[in-house]
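Examination of the molecular architecture
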Amino acid sequence: MIASPDRTPLPREFFDRPILEVAPDLLGRILVRTTPDGPIALRLTDVEAYDGQNDPGSHAYRGRTPRNEVMFGPPGHVYVYFTYGMWFCMNLVCGPEGRASAVLLRAGEIIEGAELARTRRHSARNDKELAKGPARLATALDVDRALNGADACTAQDTPLRILTGAPVPADQVRNGPRTGVAGEGGVHPWRYWVADDPTVSPYRAHVPRRRRS
């Protein structure tokens, strides 16, 4: 757990930068989810960058659709998608408005509201596993498509806010291939994580899904 993190909201200008600058700089930042039952705060430890139409691994690679509309800006907003027919995943939109790029929030450490997160993550064996993976993170924070498009750059008591926290020193940041990305997009080393942090999710290479006979 970090000591006395900076609770100042990150300004929109933080996100209005190239995606490969924003992604590693998000490590150590704090995401606050406000729910009717109380707040949950998470320190980001594991993220992945997706560079829109320049990136075969991105949802926006083939252009704008109703699903990925939020990715095209403005920066600092939340992009939530549904995957495998059962899980939500959460991203933060980056770069100039009109150019789709976003950072997938893969994992983090719950630093406040762990008791609330536990009520949503019954299968977690310990608190380090509460948000260890993008679907687990969204589940622990009670994130679904209702939050798609939410503005995370605000000082108000909104459903989601991203705070300054305590940035991770460069010598503690690691990077490598993104998890589960196939094809040309699978070669990009655009996943960033905090070295030796127990909340970081495990790497898994892409495995083609087999059709049922």
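With respect to the overall build of the chain
Scanning the chain for helices and strands turns up 4 helices and 9 strands. In terms of overall dimensions, the chain is globule-like: its C-alpha atoms have a radius of gyration of 16 Å, near the 17 Å expected for 213 residues. For the chain, with 213 residues in total, the buried portion stands at 51%. Put simply, 63% of the contacts in the chain that link residues at least 6 apart link residues at least 24 apart. When the accessible surface of the chain is split by element, carbon and sulfur atoms take 50% of a total near 10500 Å². Separation of charge centres in the chain, based on 28 positive and 25 negative side chains, amounts to 8 Å.

Points about the packing of aromatic side chains
Following the criterion strictly, the structure yields 3 aromatic pairs and no others. Each ring, one from F14 and one from F15, has its centre 5.0 Å from the other, and the planes form 75 degrees; the classification is edge-to-face. Owing to a relative accessible area of 0%, F15 belongs among the buried residues under this scheme. Note on Y79 and Y81: the rings are 5.7 Å apart at their centroids and 40 degrees apart in plane angle, and the pair reads as tilted. Residue placement shows R64 over the ring face of F72; its charged tip is 4.2 Å from the ring centre. The positively charged end of R191 is found above the aromatic ring belonging to W193, 5.2 Å away from the centroid.

A few points about the confidence of the model for the chain
Interpreting fine coordinate detail is not advised for predicted regions of low pLDDT. Model confidence for the chain is summarised by a mean pLDDT of 91, while 94% of its residues fall at 70 or above. Looking at the elements of the chain, mean pLDDT is at its lowest for strand β1 (residues 6-9), recorded as 90, and at its highest for strand β9 (residues 191-194), recorded as 98.

A few points about the pattern of salt bridges
This model, assessed by the stated rule, comprises 16 salt bridges. Two residues, R43 and D197, come together in a salt bridge whose shortest N-O distance is 2.6 Å. In this pair, R43 sits in strand β3 (residues 38-50) while D197 sits in the segment after β9, placing the two residues 154 residues apart along the sequence. R43 sits in the buried class, given a relative accessible area of 10%. A salt bridge links D55 to R178; the nearest nitrogen and oxygen atoms lie 2.6 Å apart.

A few points about the environment of R29
Looking at the element boundaries, R29 is found in the loop between α2 (19-25) and β2 (30-35). Residue classification places R29 among the buried residues on the basis of a relative accessible area of 6%. Along the chain, R29 and L42 lie 13 residues apart, while their C-alpha atoms are 8.3 Å from each other. With residues near it in sequence (within four places) discarded, R29 still touches L10, F14, L42, R43, L44, I162, L163, T164, G165 and P167.

A few points about the pairing of strand β5 (residues 87-93)
The buried fraction of β5 is high, at 5 of 7 residues. Relative to β5, strand β4 (residues 78-83) is paired through 6 bridges, and the arrangement is antiparallel. Its bridge partner lying in β5, V80 is registered against M90. Taken together, β4 and the strand that follows it, β5, pair antiparallel across an intervening segment of 3 residues, in which Y84 is found at a positive phi of about 55 degrees. Strand direction decides the pairing type here: β5 and strand β6 (residues 102-112), joined by 3 bridges, are antiparallel. Within β6, the residue paired with N91 across the bridge is L104.

The rules we used
Residues numbered from 1 in each chain as written. Predicted model: local features only at pLDDT ≥ 70, side-chain atom pairs only at ≥ 80, totals over all residues. Heavy atoms only, no water. Helix = DSSP H or I, 4+ residues; strand = E, 2+ residues; numbered from the N terminus. Rg over C-alpha atoms; globule rule 2.2 N^0.38 Å. Buried < 20%, exposed > 50% of the residue type's maximum accessible area, 1.4 Å probe, protein only. Contact = heavy atoms within 4.5 Å. Areas by Shrake-Rupley, 256 points an atom, 1.4 Å probe, with all protein chains shown as cover. Lys, Arg positive; Asp, Glu negative; His and termini not counted. Charge placed at Lys NZ, Arg CZ, Asp CG, Glu CD. Phe/Tyr/Trp six-rings, centres within 6.5 Å; stacked < 30°, edge-to-face > 60°. Lys NZ or Arg CZ within 6 Å of the ring centre and 35° of its normal. pLDDT = per-residue confidence, 0-100. Salt bridge = Lys/Arg side-chain N within 4 Å of Asp/Glu carboxyl O. Pairing = 2+ DSSP bridges.

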